[in-house]
Amino acid sequence: MDWIIGAVCASMVAGAAYAKKSLTLSGCLAAIMMGTIYYGAGNLFWFGTLLLFFITSTLLSRFRKDRKQELEKSYAKSGNRDAGQVMANGGMGMFLCLGYWIFPHPAWIYAFIGVMATVTSDTWATELGSLSRKPPRSVLTWKVLTPGASGGVSLLGTLAAAVGGALIGAGAFFFSWIAGVEGLGLLSWIFVGLVGGLAGAFADSYLGATVQMMYRCTVCGREVEVHEHCGHPTVRARGWSWMSNDLVNVLSSVIGGCVAIGLGNILAL
């Protein structure tokens, strides 16, 4: 029955997102599969946390969208997410959910919150940080960068990342209480989400500034994540050819999850 409930709920949410063009068709199908597993193999704790990330991030992607349209042309990820982007953001959590289903242990839960806090922090930092009136600075050299440049950080983006991670931590406490999952107290969960999310978000910025594959627009000269910009093909600028934005998201999620495991184990003593 839980699998049926998960499939129905996931279909409703993903279908609505597809209708609003927040997901492509492949992204919609991936979200349905993912949501079904989150609820079927898990419970409301897992499914609710996923929804908290998805709904808040979708709403933020539409916040002041007119001001972000130009910058979004430089991003490999945008408000209209395909299957690859859906899996990059929620796939790791899905495997952690299956791991907990097969072999229950608190480490799976801590890692899950760290992963979801990371993708939430990263998304919030991108969506709100791009609205900052001050240009971002390089996470490596602290030099001023062009808005939208990979590896850039800003005060507004960092604050948004912190709030996003803390919200996932607060949601973890609420959903664990509803679902009857043993876990940490409210402040401990918020701390795990906050620190885990920030660690993952900064790891994402570091990888974006060092090894992520980036391209350069031959028209405006901007460094971008896409193969075409200003109506013309871009050329390779730097980074490893196989290090895509989606893979950077996965690796930063792993880092956020590992940080959360360590914090969770310490706070549970």
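Everything discussed here concerns the structure shown above.
Attention here is on the structure that accompanies the text. (Residues numbered from 1 in each chain as written. Predicted model: local features only at pLDDT ≥ 70, side-chain atom pairs only at ≥ 80, totals over all residues. Heavy atoms only, no water.)

### Let's talk about the packing of helix H1 (residues 2–19) against helix H2 (residues 25–42)
Applied cut-off: Between N-to-C directions, angles span 0 to 180 degrees; the directions come from axes that are lines fitted to C-alpha atoms, helices contributing only their stretch in contact. Helix and strand assignments follow DSSP, with helices taken as H or I runs no shorter than four residues and strands as E runs no shorter than two, numbered in order from the N terminus. Working definition: roughly parallel below 35 degrees, roughly antiparallel above 145 degrees, roughly perpendicular at 65 to 115 degrees, and oblique for all remaining angles. Less than a right angle of anticlockwise turn of the near helix away from the far helix marks a crossing as left-handed, whereas a clockwise turn marks it as right-handed. Contact criterion: two residues are considered in contact whenever any of their non-hydrogen atoms come within 4.5 Å of each other. Under the scheme applied here, ten amino acids are nonpolar (Ala, Val, Leu, Ile, Met, Phe, Trp, Tyr, Cys and Pro), four are charged (Asp, Glu, Lys and Arg), and all others, including Gly, are polar.
Taken N-terminus to C-terminus, the directions of H1 and H2 make an angle of 150°; their axes are 7 Å apart at the nearest point. As summarised for this structure, H1 and H2 are arranged roughly antiparallel, according to the angle between their axes. Here H1 runs over H2; the crossing is right-handed. Only Leu 25, Cys 28, Ala 31, Ile 32, Gly 35, Thr 36, Ile 37, Tyr 39, Gly 40 and Ala 41 of H2 make contact with H1, whose side of the interface consists of Asp 2, Trp 3, Ile 5, Gly 6, Ala 7, Ala 10, Ser 11, Ala 14, Gly 15 and Tyr 18. Class assignment of the residues belonging to the contact of H1 with H2 gives a composition of 13 nonpolar, six polar and one charged.

### Thoughts on the packing of H1 against helix H3 (residues 44–62)
Where H1 meets H3, the axes come as close as 12 Å, and the angle between the chain directions of the two elements is 5°. In this view, H1 runs roughly parallel relative to H3, as classed from their interaxial angle. Across from Cys 9, Ala 10, Val 13 and Ala 17 in H1, the residues of H3 making contact are Phe 47, Leu 51 and Phe 54. Per-class residue counts for the contact of H1 with H3 are seven nonpolar, no polar and no charged.

### Let's talk about helix H5 (residues 83–102)
Put simply, the rule is: To get the bend at a given residue, fit one axis to the seven residues ending there, fit another to the seven starting there, and take the angle between those axes. Throughout this description, buried means an accessible area under 20% of the type-specific maximum (1.4 Å probe, protein chains only), exposed means over 50%, and partly exposed covers the range between. For the purposes of these results, a polar contact is taken to be a pair of N or O atoms within 3.5 Å, where, inside protein, one atom must be able to donate a hydrogen and its partner to accept one; residues adjacent in sequence count only when each atom of the pair is a side-chain atom.
Maximal helix bending in H5 amounts to about 50°, located at Gly 90. When we look at burial in H5, the residues that qualify are Gln 85, Val 86, Ala 88, Asn 89, Gly 90, Gly 91, Gly 93, Met 94, Leu 96, Cys 97 and Gly 99. Residues of H5 that are buried in the fold lie against H2, H3, helix H6 (106–129) and helix H9 (245–267). Two or three places before Gly 84, at the opening of H5, Asp 82 has a side-chain oxygen 3.2 Å from that residue's backbone nitrogen.

### Remarks on the nonpolar core
Note the threshold: Definition of nonpolar core: a set of buried residues of the types Ala, Val, Leu, Ile, Met, Phe, Trp, Tyr and Cys, connected through side-chain atoms within 4.5 Å.
Tyr 38, Phe 45, Trp 46, Phe 112, Ile 113, Met 116 and Trp 189 are the most contacted members of the largest nonpolar core, which totals 41 residues. Every element with two or more residues in this core is listed here: H1, H2, H3, H5, H6, helix H7 (155–179), helix H8 (186–210) and H9. Take this core: its biggest share by element is nine residues, from H6.

### Things to note about the environment of Cys 217
One can find Cys 217 in the loop between strand E3 (214–216) and strand E4 (223–224). Those residues within four positions of Cys 217 in sequence are excluded, and the remaining contacts are Arg 222, His 229, Cys 230 and Thr 234.

### Quick notes on the packing of aromatic side chains
Condition: Stacked, edge-to-face and tilted labels apply to pairs of Phe, Tyr and Trp rings (six-membered ring for Trp) whose centres lie within 6.5 Å, assigned for plane angles under 30 degrees, over 60, and everything in between, in that order.
Under the definition given, this model contains 11 aromatic pairs. Pairwise contacts between aromatic rings join Tyr 38, Phe 45, Trp 46, Tyr 100, Tyr 110, Phe 112 and Trp 189 into one cluster.

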